[in-house]
Amino acid sequence: MKHPLRALTVDLGAADLGATDPGTAGLASALSVPDAQCWIRRGEGQVGFGEVARFTTSGPDRFIEAEDWWKQLVLEAEIRDEVEHPGTGLLAFGSFAFSKTSPYASRLVVPELVVGVRDGRAWATLARGDGIVPTPEEVRRAVVRTLGSGEGTRTTAGAAPAAPGPVRLGLGALGEQRWMDAVAAGVRRIAAGELEKLVLARDIVVEDARGIDRGGVLRRLTSAYGDTWVYGVDGLVGATPEMLIQVAGRTAQARVLAGTLDRREADGKGLEYAERVLAGSPKQRHEHEIAIQSLTTALEPFSEAMNAHDEPFILELPNVFHLASDVRAELADVEGHVPTSLALINALHPTAAVCGTPTSVAGALIRELEGLDRGPYAGPVGWLDAAGNGEWGIALRGGVLESATEMRLYAGCGIVEASDPASELAETWAKFRPMLEALGIER
Ligand SMILES: C=C(O[C@H]1C=CC=C(C(=O)O)[C@@H]1O)C(=O)O
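Identification of the protein chain as isochorismate synthase from Sinomonas cellulolyticus is taken from an unreviewed UniProt entry. Looking at the protein chain in UniProt, the text filed under Sequence similarities (unreviewed entry) is "Belongs to the isochorismate synthase family." Under the Catalytic activity (unreviewed entry) heading, UniProt states for the protein chain: "chorismate = isochorismate".

Caption draft 1: Up close: the domain arrangement of the protein chain. Taken domain by domain, the protein chain comprises domain 1 (6-147) and domain 2 (167-438). The straight-line distance from the C-alpha centre of domain 1 to that of domain 2 is 25 Å. For the side of domain 1 that touches domain 2, the secondary structure elements donating two or more residues are strand S2 (37-41), helix H1 (62-76) and strand S6 (91-95). Per-element tally for the side of domain 1 that touches domain 2: the top contributor is H1, with six residues. When its residues are assigned to classes, the side of domain 1 that touches domain 2 shows 23 nonpolar, nine polar and three charged.

Caption draft 2: Expanded view of the UniProt feature "domain: Chorismate-utilising enzyme C-terminal" (unreviewed entry) in the protein chain. Feature annotation in UniProt places "domain: Chorismate-utilising enzyme C-terminal" (unreviewed entry) on residues 176-431, given in this structure's numbering. Secondary structure within residues 176-431 divides into 35% helix and 36% strand; the distance between the first and last C-alpha atoms comes to 15 Å.

Caption draft 3: Structural detail: the site of the ligand. Around the ligand lies a shell of 17 residues, among which Leu257, Thr260, Leu396, Gly412 and Gly414 are the nearest. Here the shell around the ligand is composed, by residue class, of nine nonpolar, five polar and three charged.

Caption draft 4: A look at the packing of helix H3 (residues 176-191) against helix H10 (residues 421-438). Running from N to C, H3 and H10 cross one another at 125 degrees; their axes reach a closest spacing of 9 Å. Between H3 and H10, the crossing angle belongs to the class labelled oblique. Crossing of H3 over H10 shows right-handed handedness. Across the interface between the two elements, Glu176, Trp179, Met180, Val183 and Ala184 of H3 pack against Pro421, Ala422, Glu424 and Leu425 of H10. Per-class residue counts for the contact of H3 with H10 are seven nonpolar, no polar and two charged.

Caption draft 5: Representation of helix H7 (residues 282-299) within the structure. With 18 residues, H7 should cover 26 Å at 1.5 Å per step; its first-to-last C-alpha distance of 26 Å lies within 8% of that length. Within H7, the full set of buried residues consists of Gln284, Glu287, His288, Ala291, Ile292, Ser294, Leu295, Ala298 and Leu299. For H7, the angular spread of buried residues about the axis comes to 160 degrees, placing them on one side. Every exposed residue of H7 that faces more than 90 degrees away from the buried side is listed here: Pro282 and Thr297.

Caption draft 6: Spotlight on H3. Compared with an ideal rise of 1.5 Å per residue, which puts 16 residues at 22 Å, H3 spans 23 Å between its outermost C-alpha atoms and is within 8% of the ideal. When we look at burial in H3, the residues that qualify are Trp179, Ala182, Val183, Gly186, Val187 and Ile190. Relative to the axis of H3, the buried residues are bounded by an arc of 140 degrees and lie together on one face. Facing away from the buried surface of H3 by more than 90 degrees, the exposed residues are Gln177, Arg188 and Ala191. On its buried face, H3 sits against strand S11 (197-208), helix H9 (359-370), strand S23 (406-415) and H10. Two residues or fewer after H3 comes Gly193, characterised by a positive phi angle close to 90 degrees.

How each quantity is defined
Residues numbered from 1 in each chain as written. Predicted model: local features only at pLDDT ≥ 70, side-chain atom pairs only at ≥ 80, totals over all residues. UniProt positions renumbered as here; feature names shortened; annotations may be inferred. Domains from an automatic or database assignment. Helix = DSSP H or I, 4+ residues; strand = E, 2+ residues; numbered from the N terminus. Nonpolar A, V, L, I, M, F, W, Y, C, P; charged D, E, K, R; others polar. Near = placed C-beta within 6 Å. Axes fitted to C-alpha atoms, helices over the stretch in contact; angles between N-to-C directions. Parallel < 35°, antiparallel > 145°, perpendicular 65-115°, else oblique. Left-handed = near helix turned anticlockwise from the far one by under 90°. Contact = placed C-beta atoms within 7 Å. Expected span 1.5 Å × (residues − 1). Buried ≥ 20, exposed ≤ 12 C-beta atoms within 10 Å, placed from the backbone. Arc of directions from axis to C-beta.

Rendered as structure tokens:
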């Protein structure tokens, strides 16, 4: 990048992005553009196209290094913003490795064009790296060119579903029996008093000889899992129900999940049954308590005030019910500034919902028992803006494209002393279901 970035955000009016493309209105239609980066929930969020800057890193300081890079980029940039709400102005999408020892390249990517919808209004930001400030007309032209007069942007949107083809499921690092053995070993270590909770994950590989339709997977996730945050950052895609931290000005919010019931197991019995089985189970309540504790303890030093409801609620998703708690905090100044969303994820990750308690013991045991590099799975995924606002979900219920025809999917379970390996294995299948269905596999 020879010049500092120059960016302009313009208001596009009421969110009928479909005006240029009446057949496929809404942000989700933009997902057909190859390699679009995205963050969408209930039709709102943002989609990024092209790229004007990228930072990659790994290791224990990945969040701090990314924050330093972003702060410098923003300091040098010229940003004009006619909209001014979280997400407008310059924006980066990001994905971080779960582990400080992972070779996965944690990244921040600044798209050339970002189109967003918030509170029913659409906006767009164009960023240029050639030293020229974009004009409002240029931003609008870029939106029309990218989203479409249609040509080239709807390769698969609206097309009839491809005929069922040779989609195959392959084993991951551990087969089912070896993974259940790992869970049993984890339970023994918990019973021996080494730790309180451990999250063990496993992987499977989906192979589609016709090629994985990334845009199609994302669109199917947005329509079937509207209550989750659908993310796509390079090859990492998924639909997470868990919010690590959302920062808008001084307000931070998180959604902590732990405790799961497969809807197939609930057998159509609905919410009341889920409440009885989840909220009424000491095992599930214990698992959930540990996850809440780990988040609130880590958030405390950054907060002036914090509230979390005493009673968790039941989050109803198409595949599972979860025991869930929303936490809200008013952020305190740290060294004269409100902490950015990246500074917060540096302190919060990994929570007990994806690692365990105590963190360092659980982290070491994960490395010993899983036999797997989690890569970006269970790491933070999301976006941040120039003011430090951002939304970082935990990259769950997703997968990583490993080639044009292969995607590796990940799912894990919180293990406590009362956990049963076969039930945990069944739970991983329920957690794989959103991605399997989006990839065209019924299981
Ligand atoms: C680790 C995962 O889920 C976590 C989030 C919600 C509920 C969980 C559980 O009940 O075990 C897990 O802690 C996953 O989906 O891969």
